[in-house]
Amino acid sequence: MPLVEFTNKGFYVPQADCYVDPEKKVERAIITHGHSDHARKGCGHYFATPLTAIIMDHRYRIKNCTTFDFNEVFELNGVAFSFHPAGHVPGSAQVRISYKGETWVITGDYKRAIDNVCRPFEVVPCDHFVTECTFGLPIYQWKSEEELAEEIKLWWQENRQKKRASLLMGYSLGKAQRLMQMVKEPIGPIYCDPTIYKTNEVLRQAGIDFHPYELYEGLESEMDLSNALIIGSPSAARSEWANSLGDFSSASASGWNQTKKRRLGGPERHFVVSDHADWSELIQTVEETGADNIYVMHGFTETFGQHLRDLGYNAKTVSHRLNQQPK
Amino acid sequence: MEKFARLIDELGVPSSQEDQIQKVHAYLSHCDEESLNWSVHLLRGHPFKRLCSKKELVTLFINHIEFSEHIFEQCIDATGDILEAISLSYPKPGKAISIELAVILKEVELVRSNKEEIDHFIISSWQKLALTQRYYFNKIITSTFRSPVSSSVLCAALAQYLNQPLDATTYNFHYVQDKTPLRVSKLRSEIKDKHNVLPIPIIEPVENNLDLNSTTWENHFISYQWNGVRCQLLTHDNGHEIWSRRLELITDKFPEFNHISLPKNTILDGVIIAISNGKILPKSEVRKRIDRKRITKKDLEKLTMSFLAFDIMRSAGQDVTGLTLEERLVFLQNLFAEMSNTDRLQLAENLLDSEFLTIQEIWESAKTMNSRALIIKAKNDAYNTATHWIKYSAKAQTTCGVLLYARRGEGYRSNEFVELTLGARQGSNLIPFTKVIPNLEEEERLAIRAFIRENLIERFGPVYSVRASIIIKISFDGVEPSRRHKCGLKLKNPLFLSWEKDKSQEDVISLEELMNEIG
Ligand SMILES: [Zn+2]
Ligand SMILES: [Zn+2]
């Protein structure tokens, strides 16, 4: 019996009778992080890091969760589990699973860049490594956090000079906080849309440090935002919320902005900021774990898997829907 | 290169003309002198002599990367642009080094003659340049860079930069001749002391497929479109100049006109034709002369070059552009009557005043003069760019067919579809009637490829039969009956024009309509 099985409900650990990031309602679920494609409502019991537990409670009202700190080992029917920083969003973890000398690591989503919000990624040596590869193509190569901060600061400065508000868009959990903290010394006030504001409040109470920020509800019509940075989720930016911003420049921040095609239309500026590892970081991570058996999921799995095989790894592709054994 | 790349990126975002001018102006103000010259050269859309072809660049790239060609294919799919795929997927520099545009372009000239040095130069540039800079670098060296700004935006920015009036800047921007790239400092000095006679914007004839016989033409001037190179011949206080339609100064390519006896301060519009044994040769012969570096005595003996004047814009200092064509032609005729030596200059005549009886006859005679078109001008038009001269030619016809089969290429092109078979309607059926070679931009090429793969009905070796849905517009010169073809006809010279995305099968021509075209 393999330690980890790939089933249509998710990664299954039969010896412990539990799932990692299950896609369906199961009895016991170990959750890597709070994004909705990883944490789902309706399971019998949850295991997660303390921060992920707080986020799951805030976003999905998930209460029945046992929490473990990073590196803290817990056992389920003799199988040793532990969480290790994945650097993707606050609280995000890789799951290490060890039983009778065999070790697996399931990454969930991860990034290698060190931002000013998340605990940085840590390499966990293992025999079997299940890695995401959202950006598993050589064209995806990220700039350093410092370069990105400089770009965003310049854009903010330019807008300030033209007396225009700066609306920076990113998903409400993870990206928004990273963007908000990217410019180390803010050059004006920072506002957040209601969703992001609430998420920030929860994270702040859990002990994460932020620059001072305020709620922007979208109803204030007299407010002078000409020197402000406004963090909004993409959906808020498309809604009525954005109408009262006055004259503003908008920018999106996503790894997909890397290609010209994706930069057509939409906001004025497109920053290439991703919460996932880039091509060379994916390869670097695989190397560093020392694992021989690699399972690639999520993204350019065929391409990345093929490349790992070219490099001599025993690499298999896990279908996005996990309905078949890896090939 | 960093600033240049950022400018081009920013200009790619739709914005007002004012905004664009401001961006270009700000950029020019921060350029070193040599980079300024090159930037203006590239922004005005002048070509940079190709260092290597796209294909050579791909080969070089593939030999220097650590992933397979298959993965590179995926990168092309994801970007839709080979040069972008190369630029993004070559390993990024540890620390990007900013190199001035002029420094890079100067280096290009140093390595140009040696293949090995070219390869080394490209790779080492990739290793230094940040990803977006790499992209524009690749565009420039493969001569596929396209300027994102119009010349009016560039002129306005230059005028601000030089602190000169817009009209004078624009005027000189178009006419100042210099080495490549144009020196902006020279432009600045020229604006200050321009000489008194400069070429003026010429009237470009507009194609029109009108019915010759349905109109009366007595108020018109009709001539052949001479198979030659359109030029302006002008004289000023210090001599004469010949300017091509593209406003290249080509005086020294035609020493035969050195002794013409035109009055000073005159501008003629006309065409230079090459004559041998009394026959007019194709205009490529004239172009060949223009492309020669040095003109030898032998060149002069081989062919006779003649300037056929058909209009006059300035006559001995008098601006006549506001007069009607009829009035201007009087000036032109008087000028010729007074000239002592008209060997090299000839006056184009109105063919309606000649022995021909009808315009149809004129048209039929055109071929014997090696001419493919007639130029028709209203006699009461002034000479300015708002004036329309009509160019009448046996225009290729266009029609739409629906894509039925696509043939895949071989070897290097095995990933592309190199021949498309189109169908015409016959009742409720679609009958193949012609084949064309697709000529598509990268993005559409990939889209068609994806479409063909997704809508495959059957494969016969390299030929894919697809669900009939893509409408292709083609041109052709005529239809002739053919027994060899199943549909019973054959198009003459079919050419791919475009993929008509908003057309449907109803827009596809029927076989019957095509049959009617057989003439
Ligand atoms: Zn995630
Ligand atoms: Zn995810």
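Remember, predicted model here, so these are calculated numbers, not experimental data. (Residues numbered from 1 in each chain as written. Chains lettered and ligands numbered in written order. Predicted model: local features only at pLDDT ≥ 70, side-chain atom pairs only at ≥ 80, totals over all residues. Heavy atoms only, no water.)

1. A look at a negative patch on the surface
Residues and elements named next belong to chain B. A contiguous patch of negative charge, built from E349, D353, E355, E361 and E364, is present on the exposed surface. With respect to the helices and strands, E349 occurs in the loop between β9 (345-347) and α16 (359-366). Overall, the relative accessible area of 54% leaves E349 in the exposed class. (Patch = residues over 30% accessible without salt bridge, like charges linked within 9 Å, V, L, I, M, F, W, Y side chains within 5 Å. Areas by Shrake-Rupley, 256 points an atom, 1.4 Å probe, with all protein chains shown as cover. Salt bridge = Lys/Arg side-chain N within 4 Å of Asp/Glu carboxyl O. Lys, Arg positive; Asp, Glu negative; His and termini not counted. Charge placed at Lys NZ, Arg CZ, Asp CG, Glu CD. Helix = DSSP H or I, 4+ residues; strand = E, 2+ residues; numbered from the N terminus. Buried < 20%, exposed > 50% of the residue type's maximum accessible area, 1.4 Å probe, protein only.)

2. Points about the coordination of the zinc ion (ligand 1)
All names here are of chain A. The coordination sphere of the zinc ion (ligand 1), as far as protein atoms go, consists of H33 (NE2), H35 (ND1), H88 (NE2) and D109 (OD), spread over 2.1 to 2.2 Å. Read N to C, the donor residues that coordinate the zinc ion (ligand 1) are spaced as H-x1-H-x52-H-x20-D. The exposure class assigned to H33 is buried, which follows from its relative accessible area of 0%. (Donors = N, O, S within 2.8 Å, 3.2 Å for Na, K, Ca; no water.)

3. Points about the interface of chain A and chain B
Contacts between the two partners involve 16 residues from chain A and, on the opposite side, 23 residues from chain B. Buried surface at the junction of chain A and chain B, summed over both partners, amounts to about 1,800 Å²; 58% is from carbon and sulfur atoms. Applying the counting criterion to the chain A and chain B interface returns one salt bridge. At the boundary of chain A with chain B, the tally comes to nine residue pairs in polar contact (both at pLDDT 80 or more). At the level of elements, α6 (260-263) and α8 (301-310) of chain A are the ones that each hand at least two residues to the side of chain A that touches chain B. (Contact = heavy atoms within 4.5 Å. Buried area = accessible area lost by both parts, 1.4 Å probe. Polar contact = N/O pair within 3.5 Å; in protein donor to acceptor, adjacent residues only side chain to side chain.)

4. Comments concerning the coordination of the zinc ion (ligand 2)
Under ideal tetrahedral coordination, the four donors around a metal are separated by 109.5 degrees; under ideal octahedral coordination, the six donors are separated by 90 or 180 degrees. Residues and elements named next belong to chain A. Coordination of the zinc ion (ligand 2) by the protein involves D37 (OD), H38 (NE2) and D109 (OD), with metal-donor separations of 2.1 to 2.5 Å. Read in sequence order, the donor residues coordinating the zinc ion (ligand 2) give the pattern D-H-x70-D. A separation of 3.6 Å is found between the zinc ion (ligand 2) and the zinc ion (ligand 1), which share D109 as a coordinating residue. Of this pair, D37 sits in the loop between β4 (28-30) and β5 (45-48) while D109 is found in the loop between β10 (102-106) and β11 (128-133), placing the two residues 72 residues apart along the sequence.

5. Overview of the packing of helix α1 (residues 2-11) of chain B against helix α9 (residues 131-141) of chain B
All names here are of chain B. Two numbers describe how α1 lies on α9: the axes approach to 9 Å, and their chain directions differ by 90 degrees. What the angle tells us is that α1 and α9 run roughly perpendicular. Contact residues: α1 offers E2, F4, A5, I8 and D9, while α9 offers T132, Q133, Y136 and I140. Residue composition of the contact of α1 with α9, grouped by class: five nonpolar, two polar and two charged. (Axes fitted to C-alpha atoms, helices over the stretch in contact; angles between N-to-C directions. Parallel < 35°, antiparallel > 145°, perpendicular 65-115°, else oblique. Nonpolar A, V, L, I, M, F, W, Y, C, P; charged D, E, K, R; others polar.)

6. Some remarks on the environment of A:N257
Residues and elements named next belong to chain A. Looking at the element boundaries, N257 is found in the loop between β16 (248-253) and α6. Judged by relative accessible area, which is 5%, N257 ranks as buried. The contact partners of N257, leaving out residues within four places of it in the chain, are S252, R262, R263, H270, F271 and V272.

7. Regarding the pattern of salt bridges
Tallied over the entire structure, the rule returns 25 salt bridges over all chains. Salt bridges linked by common partners bring A:D57, A:R61 and A:K63 together as one network.

8. So, helix α7 (residues 279-289) of chain A
Listing the buried residues of α7(A) in full gives A:W279, A:E281, A:L282, A:I283, A:T285, A:V286 and A:T289. Residues of α7(A) that are buried sit in contact with β11, β18 (293-299) and α8 of chain A together with α5 (69-79) of chain B. The opening residue of α7(A) is A:D278, an N-cap whose side-chain oxygen sits 3.3 Å from the backbone nitrogen of A:S280.

9. Description of the sheet that holds β16(A)
All names here are of chain A. Reading across from one edge, β14-β13-β15-β12-β16-β17 is the order of the six strands in this open sheet, with parallel pairing throughout. For this open sheet the edge positions go to β14 (214-215) and β17 (269-271), each flanked by a neighbour on one side alone. Note that strand β12 (residues 165-169) and strand β15 (residues 229-232) share four bridges and pair parallel. Pairing of S166 across the sheet is with L229, part of β15. Helix-sheet contacts for helix α2 (residues 145-161) involve β12, β13 (190-192), β15, β16 and β17, and the interaxial angle to β12 is about 150 degrees. (Pairing = 2+ DSSP bridges.)

10. Some details on the pairing of strand β15 (residues 456-460) of chain B
Residue and element names in this part refer to chain B. Two strands pair when backbone bridges link them, and β15 and strand β16 (residues 463-466) are joined in this way by four bridges, in the antiparallel orientation. Considered in β16, the bridge of L456 is made with V466. Counted along the chain from β15 to the antiparallel partner β16, the turn is two residues long, and its residue G461 has a positive phi close to 55 degrees.

11. Overview of the sheet that holds strand β2 (residues 10-13) of chain A
All names here are of chain A. Spatial ordering of the open sheet is given by β1-β2-β3-β4-β5-β6, a layout of six strands whose pairing is mixed. On the outer flanks of this sheet lie β1 (5-7) and β6 (65-67), each paired with one strand and no other. Between one strand and the next, the sheet's axes are offset by a mean angle of 30 degrees, whatever the strand orientation. Relative to β5, β4 runs parallel, the two sharing three bridges. Following the sheet pairing, R28 is matched in β5 by H45. Sheet strands in contact with helix α1 (residues 50-60) are β5 and β6, and its direction is about 135 degrees off that of β5.

12. Quick word on the packing of helix α2 (residues 17-29) of chain B against helix α10 (residues 151-162) of chain B
All names here are of chain B. Viewed as axis vectors pointing N to C, α2 and α10 meet at an angle of 50 degrees, and their least axial separation amounts to 8 Å. Overall, the two elements α2 and α10 adopt an arrangement that is oblique. Where α2 crosses over α10, the two elements pack in a sense that is right-handed. Contacts from Q17, Q20, I21, V24, H25, L28 and S29 of α2 reach α10 at S152, V153, L154, A156, A157, L158, Q160 and Y161. (Left-handed = near helix turned anticlockwise from the far one by under 90°.)

13. Section: the packing of aromatic side chains
One pass over the structure, following the stated rule, counts 40 aromatic pairs over all chains. When the centroid spacing of 5.0 Å and the interplanar angle of 80 degrees are considered together, the rings of A:F135 and A:W142 count as edge-to-face. The two residues A:F135 and A:W142 agree in class, both being buried. Here the aromatic residues A:W279, A:F304, B:F61, B:F67, B:F72, B:Y90 and B:W126 are joined through ring pairs into a cluster of three or more. (Phe/Tyr/Trp six-rings, centres within 6.5 Å; stacked < 30°, edge-to-face > 60°.)

14. Considering the side chain of B:R289
Mapped onto the elements of the fold, B:R289 is located in helix α13 (residues 284-291). In terms of polar contacts, B:R289 uses its side chain to reach the backbone carbonyl oxygen of B:K253, at 2.9 Å.

15. What about the nonpolar core?
One finds B:F72 and B:I122 to be the most contacted residues of the largest nonpolar core, which totals 95 residues. B:L234, B:W243, B:V271 and B:A348 belong to the second largest nonpolar core, which has 33 residues in total. (Core = buried A, V, L, I, M, F, W, Y, C linked by side-chain atoms within 4.5 Å.)

16. Here's the deal with empty space enclosed by the protein
Residue and element names in this part refer to chain A. By the definition in use, this model includes one cavity of 30 Å³ or more. Considering the residues around the largest cavity, the lining is formed by A113, W142, K143, E145, L148, R178, V272, V273 and S274. Across the lining of the largest cavity, the residue classes tally to five nonpolar, one polar and three charged. (1 Å grid on protein atoms, 1.4 Å probe; cavity = no way out; pocket = protein on both sides within 12 Å on 5 of 7 lines; lining within 4 Å. Points joined across faces, edges and corners; volume = space filled by probe spheres on them.)

17. Overview of the confidence of the model for chain B
Residue and element names in this part refer to chain B. On average, residues of chain B carry a pLDDT of 86, and 95% of them reach 70 or more. Across chain B, element-level confidence peaks in helix α6 (residues 82-89) with a mean pLDDT of 96 and bottoms out in helix α11 (residues 166-175) with 74. The ipTM value of the predicted complex is 0.93, and its pTM value is 0.67. (pLDDT = per-residue confidence, 0-100.)

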